[in-house]
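# A closer look at the structure
Letter by letter, the chains look like this.
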Amino acid sequence: MTCARLIRSPSDAVAILLLTLLLGLPWLDAVLNLLPDPFDISFETFEGPSVSHPLGTSDGGTDILSELSAGLRRSCAFGLLTAASGTALAFFAGLLGAALPRCPRRLVERTADVILAVPPVLPLIALSAAAMPPAWINALILAALLWAPPSKFILTAALTEADSGWVAASRRFGAGPLLVMRRHLLPAVAPLVPVVALSIFRRAVFTEAALGFLGLSDPAVRTLGGMIAKALQFYYLPDVWLRWLLPPVLCLSALMFCAMTLAARTGAGPLEGERP
């Protein structure tokens, strides 16, 4: 996919620039140690913005900008892992359903229907409340719950390709399901990869922030949702409340804007069958 296809309006350019900054700057900070440790409590509490602390410090004496960088890094990593896993599962299920005969295809479709009936957030809330697993396990579980809606979309597109004459000819010459998937169906539905990945990424980032806001993420890490929940405890301090709450809210809003704008530009918006 070329940049010319992505950048068709000013909003596209803004979305690409924002996404690059939101994904790149936190990791640049992690590599170069540009900001203090987000767990360093040696600073004064509720210190105002300054050159050394652009957003000031928190009630525990930590640098708010460092917490924001760490939380954004965690959210992006969580979203990327979930998007990669969920996209792979969605394409495998959709292509497999199109390559198989009718009866096995029904099994794939019914499995997707069962997963569609499960709200993805509820199992994560229950599991996090009971065991609080590592973030990568939550990401894989969420991916296993988010592949079903896009798999329906992919299956429909793959079935259109499967009805073509050259696929039928390949099958008559002995091509199996895996060969049909690799040689014919995958190239036909490959343009949907950005749409599916961005859609899953958007939902994963929002879910990770929700878990942090509810206090169901690892307390030893910084999350954007946790920052929002903590900032709301100091609503009676307007200056602290604003510089502590607004940055994570704006970062989450920017990530949502980028994902939705680029998904719409690459072919579709939110996939049919998704829960809001």
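Details of the structure are given in the entry above.
Report follows, based on the coordinates. For every chain, the first residue of the written sequence is number 1, and numbering continues from 1 along that sequence. With pLDDT at 70 or above as the cut-off, local features in this predicted model cover only qualifying residues; side-chain atom pairs require 80 or more to be listed or tallied, and sums for whole chains, interfaces and linings still use all residues. Only hydrogens and water are set aside; all other atoms, that is, all heavy atoms of the structure, feed into the side-chain values.

## Topic: the overall build of the chain
Helix and strand labels come from DSSP, where a helix needs a run of H or I of at least four residues and a strand needs a run of E of at least two; each type is numbered from the N terminus. A count of helices and strands for the chain gives 12 helices and 0 strands. Across the chain, helices and strands are ordered from the amino to the carboxyl terminus as α-α-α-α-α-α-α-α-α-α-α-α. A fraction of 73% describes how many contacts in the chain between residues 6 or more apart in sequence connect residues 24 or more apart. Here, Shrake-Rupley sampling with a 1.4 Å probe gives the accessible areas, and only protein chains in the shown set may cover a residue. Carbon and sulfur atoms form 70% of the exposed surface of the chain, whose accessible area is close to 13,600 Å². We call two residues in contact whenever any of their non-hydrogen atoms come within 4.5 Å of each other.

## Quick word on the packing of aromatic side chains
Between 30 and 60 degrees the pair is tilted, below 30 it is stacked and above 60 it is edge-to-face, where a pair is any two Phe, Tyr or Trp rings, Trp via its six-membered ring, whose centres lie within 6.5 Å. One pass over the structure, following the stated rule, counts 4 aromatic pairs. Judged by centre distance (6.2 Å) and plane angle (55°), the ring pair of F234 and Y236 falls under tilted. Between F234 and W244 the ring centres are 5.6 Å apart and the planes differ by 20°, which places this aromatic pair in the stacked class. Residue F234 is found in the loop between α11 (224-231) and α12 (238-265), and its partner W244 is found in helix α12; the two are separated by 10 residues along the sequence. Note on accessibility: F234 and W244 belong to one class, buried. Here's how the labels work: a residue is buried when its accessible area is under 20% of the maximum for its type, exposed when over 50%, partly exposed in between, all with a 1.4 Å probe on protein chains only.

## Quick notes on the side chain of T57
Topologically, T57 is positioned in the loop between α2 (10-32) and α3 (64-99). On the basis of relative accessible area, T57 is assigned to the buried category, the value being 0%. Separated by 2.6 Å, the side chain of T57 and the backbone oxygen of E44 make a polar contact. Polar contacts here mean pairs of N or O atoms no more than 3.5 Å apart (in protein, one a potential hydrogen donor and the other a potential acceptor; neighbouring residues in sequence count only if both atoms are side-chain atoms). At 2.7 Å, the side chain of T57 forms a polar contact with the backbone nitrogen of E47. Once residues lying within four places of it in the same chain are set aside, the contact partners of T57 are F43, E44, T45, F46, E47, T62, I64 and R243.

## Examining the pattern of salt bridges
In the sections that follow, a salt bridge refers to a side-chain nitrogen of Lys or Arg positioned within 4 Å of a carboxyl oxygen of Asp or Glu. Going through the model one piece at a time under the given rule, you end up with 7 salt bridges. Between K152 and D113 there is a salt bridge whose closest N-O contact spans 2.5 Å. Taken as a pair, K152 in helix α7 (residues 148-162) and D113 in helix α4 (residues 102-116) lie far apart in primary sequence, 39 residues in all. Taking relative accessible area as the criterion, K152 reaches 26% and is therefore assigned partly exposed. Three or more residues are tied together by salt bridges with common partners; here these are E109, R110, D113 and K152.

## What to know about the nonpolar core
Membership of the largest hydrophobic core comes to 63 residues, with the highest contact counts inside it found for L72, W147, I154, L185, V189, W244 and L255. Per-element tally for this core: the top contributor is α3, with 13 residues. Apart from residues no more than four positions distant in its own chain, L255 is found in contact with L19, L22, L72, C76, F201 and V205. Here, the term nonpolar core denotes a set of buried Ala, Val, Leu, Ile, Met, Phe, Trp, Tyr and Cys residues that are joined through side-chain atoms within 4.5 Å.

## With respect to helix α6 (residues 135-146)
To estimate the expected span of a helix, subtract one from its residue number and multiply by 1.5 Å. Between the first and last C-alpha of α6 there are 16 Å, a value that for 12 residues agrees with the 16 Å anticipated at 1.5 Å per step. Listed in full, the buried residues belonging to α6 are N138, A139, L142, A143, L145 and L146. Projected down its long axis, α6 shows its buried positions confined to an angular sector of 160°, all on one face. Buried-residue contacts for α6 involve α3, α4, α5 (121-130), α7 and α10 (193-213). Here, the arc refers to the directions that run from the helix axis to the C-beta atoms.

## Here we look at the packing of α5 against α6
The geometry of α5 relative to α6 is characterised by a closest axis approach of 10 Å and an angle of 155° between their N-to-C directions. As far as their axial angle goes, α6 and α5 are roughly antiparallel. Viewed along their axes, α5 and α6 form a crossing whose handedness is right-handed. Taking contact as the criterion, the partners of P123, L124, L127 and S128 in α5 are, on α6, N138, I141, L142 and L145. Considering only residue class, the contact of α5 with α6 consists of 6 nonpolar, 2 polar and no charged. Simply put, an axis is a line fit to the C-alpha atoms, just over the touching stretch for a helix, and the angle between two N-to-C directions goes from 0 to 180 degrees. Roughly parallel refers to an angle under 35 degrees, roughly antiparallel to one over 145, roughly perpendicular to one between 65 and 115, and oblique to any angle outside these ranges. Crossing handedness follows the turn of the near helix against the far one: under a right angle anticlockwise gives a left-handed crossing, and clockwise gives a right-handed one. For this scheme, ten residues count as nonpolar: Ala, Val, Leu, Ile, Met, Phe, Trp, Tyr, Cys and Pro. Four count as charged, namely Asp, Glu, Lys and Arg, and the remainder, Gly too, count as polar.

## Notes on a nonpolar patch on the surface
Residues enter patches when they are more than 30% accessible in relative terms and free of salt bridges; like-charged ones are connected within 9 Å and nonpolar ones (Val, Leu, Ile, Met, Phe, Trp, Tyr) within 5 Å. A cluster of nonpolar side chains, namely L17, L21, L25, L28, V31, L32 and L34, defines an oily patch on the protein surface of about 680 Å² accessible area. Its relative accessible area of 48% is what places L25 among the partly exposed residues.

## Concerning empty space enclosed by the protein
Here a cavity denotes a set of grid points, spaced 1 Å apart and computed over the protein atoms alone, in which a 1.4 Å probe fits but from which it cannot get out, and a pocket denotes an open set meeting protein on both sides within 12 Å along at least five of seven lines; residues with an atom within 4 Å of a point are reported as lining. Grid points are joined across faces, edges and corners, and a volume is the space filled by probe spheres set on the points. The final tally for this structure, using the stated rule, is 4 cavities of 30 Å³ or more. Its volume calculated, the largest cavity comes out at about 80 Å³. Contributing to the lining of the largest cavity are R74, F78, S128, P133, P134, A135, N138, E208, L211, L216, S217 and D218. Of all the elements in the fold, those that place two or more residues in the lining of the largest cavity are α3, α6 and α10. In terms of residue class, the lining of the largest cavity is built from 6 nonpolar, 3 polar and 3 charged.

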